[in-house]
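# Understanding the architecture of this molecule
Now for the letters of each chain:
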Amino acid sequence: MARGRELEPIDYEAPELDANEIRVSVTHCGLCYTDVHAIDDYYDITEYPFVPGHEVVGHVSETGPGVTGLRVGDRVGVGWQGRSCGRCEWCEMGEEHMCEDVVNNGSWTPHGGFSTSIKADSGFAYPLPDTLPSEAAAVLLCAGITVYSPLREYSRPSHRVGVIGVGGLGHLAIQFAHALGCDVTVISSSPGKEEEARALGADHFIVSGDRETLERSGPFDMFLYTAHADLDWTSLLFNLKNEGKLVMVGFPEVPVRIELMELVVHQQSIVGSFLGSPATMREMLAFAEERGIRPMVEVMPMGQVNEAIRRLKDGKAHYRIVLVNY
């Protein structure tokens, strides 16, 4: 494959394992918009031929000689991060998701989950409970940790949290924020999603651009941006509390433009959040299992990956697509 081209089947030798690595025979792999970005070289780091896929569930089929705690046959999940350098200051602090070697840490290196197997460091492979379906686990390994981590870090019970966007990330953010005891307001450009948003745990629903309702509903302790669309960013800051946070986990399609007065005067913050540490991943999976948090998924055969990508690009996925090796 190449930039701008559909995916094509390729054959390659399974890469050898390092001492602490495992091989996972892939049964399920979620489709994330980050895969689309990588296919199109949005990040300017893709080397072709490239095999995407980073929401992997499968069974351990081989272990390196240094692996402990995992055995052949175990069902495990591997998210976007498949390894870390283990030496930088962030790894030493237990914040491996902030590893300085981030470009090489993806589980799609050297080959991702749209395949029959991947290899990963055993420290980034998570045993899954029997009660957690593989298609649900696959999505939690990326979308779940992406929204859980900032909510766990910045929100508190009774906080007023605005979730911006009801999509692959947003529909999980609503569930996690509700389960964490927050008062949840959903801000969406799609009025037709209100009923579903409320069923997922939203207390309030605002159509994007409705300044009057936003002002009546605020002020907010936190906004969690899970979308891609441009917004009235200054209006959002105007409706944040003192020391409130606008947390970005989505990638806006155009540059964010704001007036700095609100940010300075009210000591607000605009912060990014990237995945979560292995410890936070384990916590998230346990929390989701305890509270019954589940993504809404469509299951498609792995052989229909190009059709799945088209559905995602056209906004027809409801809300995530998981590919299955039958």
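Residues numbered from 1 in each chain as written. Predicted model: local features only at pLDDT ≥ 70, side-chain atom pairs only at ≥ 80, totals over all residues. Heavy atoms only, no water.

## Some points on the overall build of the protein chain
Helices and strands together make up the secondary structure of the protein chain, namely ten helices and 13 strands. The C-alpha radius of gyration computed for the protein chain amounts to 20 Å, which stays within 12% of the reference 20 Å derived for 326 residues, consistent with globular compactness. By principal-axis analysis of the C-alpha atoms, the protein chain measures approximately 60 × 40 × 40 Å. Out of the 326 residues in the protein chain, the part that is buried amounts to 53%. Intrachain contacts of the protein chain at a sequence separation of at least 6 include 68% that bridge at least 24 residues. Working note: accessible area of the protein chain is about 15,100 Å², and carbon and sulfur atoms make up 49% of it. Between the centroid of the 26 positive side chains of the protein chain and the centroid of its 46 negative side chains there is a distance of 3 Å. (Helix = DSSP H or I, 4+ residues; strand = E, 2+ residues; numbered from the N terminus. Rg over C-alpha atoms; globule rule 2.2 N^0.38 Å. Buried < 20%, exposed > 50% of the residue type's maximum accessible area, 1.4 Å probe, protein only. Contact = heavy atoms within 4.5 Å. Areas by Shrake-Rupley, 256 points an atom, 1.4 Å probe, with all protein chains shown as cover. Lys, Arg positive; Asp, Glu negative; His and termini not counted. Charge placed at Lys NZ, Arg CZ, Asp CG, Glu CD.)

## Brief notes about the pattern of salt bridges
Inspection of the entire model under this criterion finds 15 salt bridges. Of the charged contacts in the structure, one is a salt bridge between Lys-119 and Glu-21, with a shortest N-O distance of 3.2 Å. One end of the pair, Lys-119, is in strand S4 (residues 117–121); the other, Glu-21, is in strand S1 (residues 21–31), with 98 residues separating them in the sequence. Using a relative accessible area of 13% as the deciding quantity, one classes Lys-119 as buried. For Arg-211, the salt bridge identified is with Asp-232, shortest N-O distance 2.5 Å. Remark: Asp-232 occurs in the loop between strand S9 (220–225) and helix H7 (233–238) and Arg-211 occurs in helix H6 (residues 211–217); sequence separation between them is 21 residues. Residue Arg-211 is classed as partly exposed on the basis of its relative accessible area of 48%. (Salt bridge = Lys/Arg side-chain N within 4 Å of Asp/Glu carboxyl O.)

## As for a nonpolar patch on the surface
On the surface, Ile-45, Trp-90, Met-93, Met-98, Val-102, Val-103 and Phe-274 cluster together to form a nonpolar patch covering roughly 580 Å² of accessible area. For Trp-90, the location among the structural elements is in helix H2 (residues 89–92). In this structure Trp-90 comes out as partly exposed when scored by relative accessible area, which is 31%. (Patch = residues over 30% accessible without salt bridge, like charges linked within 9 Å, V, L, I, M, F, W, Y side chains within 5 Å.)

## Examining the packing of aromatic side chains
Inspection of every chain in the model, using the stated rule, returns eleven aromatic pairs. Taking 5.3 Å as the distance between ring centres and 85° as the angle between the ring planes, the aromatic pair formed by Tyr-42 and Tyr-43 counts as edge-to-face. Given a relative accessible area of 46%, Tyr-42 falls into the partly exposed group. When the ring of Phe-220 is compared with that of Phe-223, the centres are 4.8 Å apart and the planes differ by 40°; the resulting orientation is tilted. (Phe/Tyr/Trp six-rings, centres within 6.5 Å; stacked < 30°, edge-to-face > 60°.)

## Some words on helix H9 (residues 278–291)
Over its 14 residues, H9 runs 20 Å from end to end, which matches the ideal 20 Å to within 8%, given 1.5 Å per residue. Of the positions making up H9, those classed as buried are Pro-278, Thr-280, Met-281, Met-284, Leu-285, Phe-287 and Ala-288. Next to the buried residues of H9 lie strand S5 (126–127), helix H3 (134–154) and helix H4 (170–179). Phi turns positive, to about 70°, at Gly-292, one or two residues after H9. (Expected span 1.5 Å × (residues − 1).)

## Let's talk about the packing of H3 against H4
Two numbers describe how H3 lies on H4: the axes approach to 9 Å, and their chain directions differ by 50°. If you check the angle between H3 and H4, you find them oblique. Once H3 is placed against H4, the crossing between them reads as right-handed. In contact with Val-139, Leu-140, Ala-143, Gly-144, Val-147, Tyr-148 and Leu-151 of H3, H4 contributes Leu-172, Ala-173, Phe-176 and Ala-177. (Axes fitted to C-alpha atoms, helices over the stretch in contact; angles between N-to-C directions. Parallel < 35°, antiparallel > 145°, perpendicular 65-115°, else oblique. Left-handed = near helix turned anticlockwise from the far one by under 90°.)

## Here's the deal with the nonpolar core
As a rule of thumb, nonpolar side chains are buried together in soluble globular proteins. In this structure, Phe-114, Ile-174, Phe-176 and Leu-285 are the most contacted members of the largest nonpolar core, which totals 80 residues. Ranked by the residues each element gives to this core, the list is headed by H3, at eleven residues. Listed in part, the 15 residues of the second largest apolar core include Ile-206, Phe-223, Tyr-225 and Leu-237. (Core = buried A, V, L, I, M, F, W, Y, C linked by side-chain atoms within 4.5 Å.)

## Points about the sheet that holds strand S10 (residues 240–248)
Taken in spatial order, the six strands line up as S8-S7-S6-S9-S10-S11 in an open sheet, and their pairing is parallel. Edge strands, defined here as strands with exactly one partner in the open sheet, are strand S8 (204–207) and strand S11 (269–272). Put simply, the sheet's adjacent strands are angled 20° from each other on average, direction ignored. Pairing of strand S7 (residues 183–188) with S8 involves four bridges; the strand directions are parallel. (Pairing = 2+ DSSP bridges.)

Interpretation in functional terms is not warranted from these geometric data alone.
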